[in-house]
Amino acid sequence: MDSSVERFKDFRGKIWWFILYPESAADDWLVKINDLHIPTFISPLHDKDKKEDGTEKKPHYHVMFMFKGTKSYKQ
């Protein structure tokens, strides 16, 4: 487990969000999310964001799952 995940291993919450990079997502990622039947928000593609130094960030989506009850990272 990498350090970014390690800090959430004991966290429980109803809302979980992450950044999804199209280049590393499965071709059918949207279908897979839809098949989970969890209320989800997916942002438009962020493909014009810039870092503080003016360079472009990698294109990405912001994805948020909203569960009825609290869930852990493992769940």
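Residue positions are counted from 1 within each chain, in the order its sequence is given. Given that the model is predicted, a residue must reach a pLDDT of at least 70 before its local features are reported, and side-chain atom pairs must reach 80 or more before they are shown or counted; all residues, however, enter totals for whole chains, interfaces and linings. Side-chain measures were taken over the full set of non-hydrogen atoms in the model, leaving aside hydrogen atoms and water.

Undergrad: Where do I start with the overall build of the protein in this structure?
TA: When helices and strands are counted, the protein shows two helices and three strands. Secondary structure elements are taken from DSSP: a helix is a run of H or I of four residues or more, a strand is a run of E of two residues or more, and numbering for both begins at the N terminus. Listing every helix and strand of the protein by position from the N terminus yields α-β-α-β-β. The size measure is the radius of gyration over C-alpha atoms, and the globule rule it meets is 2.2 Å times the number of residues to the 0.38 power. The C-alpha atoms of the protein give a radius of gyration of 14 Å, which is well past the 11 Å a tight globule of 75 residues would have. Based on the C-alpha atoms only, the size of the protein along its principal axes is roughly 40 × 30 × 20 Å. Burial statistics for the protein: of 75 residues in total, 17% are counted as buried. Restricting the contact set of the protein to residue pairs at least 6 apart, pairs at least 24 apart contribute 64%. Positive residues here are Lys and Arg, negative ones are Asp and Glu, while His and the chain termini are left out of the count. Where a charge sits is defined by one atom per residue type, namely NZ (Lys), CZ (Arg), CG (Asp) or CD (Glu). Where the 13 positive side-chain charges of the protein centre and where its 12 negative ones centre are 8 Å apart. Only protein chains enter the accessibility calculation, which uses a 1.4 Å probe; a residue whose area is less than 20% of its type maximum is buried, one above 50% is exposed, and one in between is partly exposed. Residue contacts are counted whenever heavy atoms from the two residues lie within 4.5 Å of one another.

Undergrad: What is the right way to read the nonpolar core from this model?
TA: Considering soluble globular proteins, one finds that nonpolar side chains tend to be buried as a cluster. Among the buried residues, those of types Ala, Val, Leu, Ile, Met, Phe, Trp, Tyr and Cys that are joined through side-chain atoms within 4.5 Å form a nonpolar core. Counting seven residues, the largest nonpolar core consists of Leu-20, Ala-25, Trp-29, Ile-33, Tyr-61, Val-63 and Phe-65. Within the residue set of this core, elements represented by two or more residues are helix 2 (29-35) and strand 3 (61-72). Counting residues per element, this core draws most heavily on strand 3, which supplies three residues. Sequence-distant contacts of Val-63, that is, excluding residues within four places in its chain, are made with Trp-16, Trp-17, Phe-18, Leu-20, Ile-33, Thr-40, Phe-41 and Ile-42.

Undergrad: Could you clarify how one ought to interpret the pairing of strand 3 in this entry?
TA: In the case of a regular strand, side chains alternate between the two sheet surfaces. Pairing between strands is defined by DSSP: at least two bridges between them are needed. Pairing of strand 1 (residues 12-20) with strand 3, which is carried by eight bridges, proceeds in the antiparallel orientation. Counterpart to Gly-13 in the pairing with strand 3 is Lys-71. Bridge analysis of strand 2 (residues 40-42) against strand 3 gives three bridges, and the strand direction is antiparallel. Residue pairing for strand 3: Ile-42 is matched across the bridge by Val-63.

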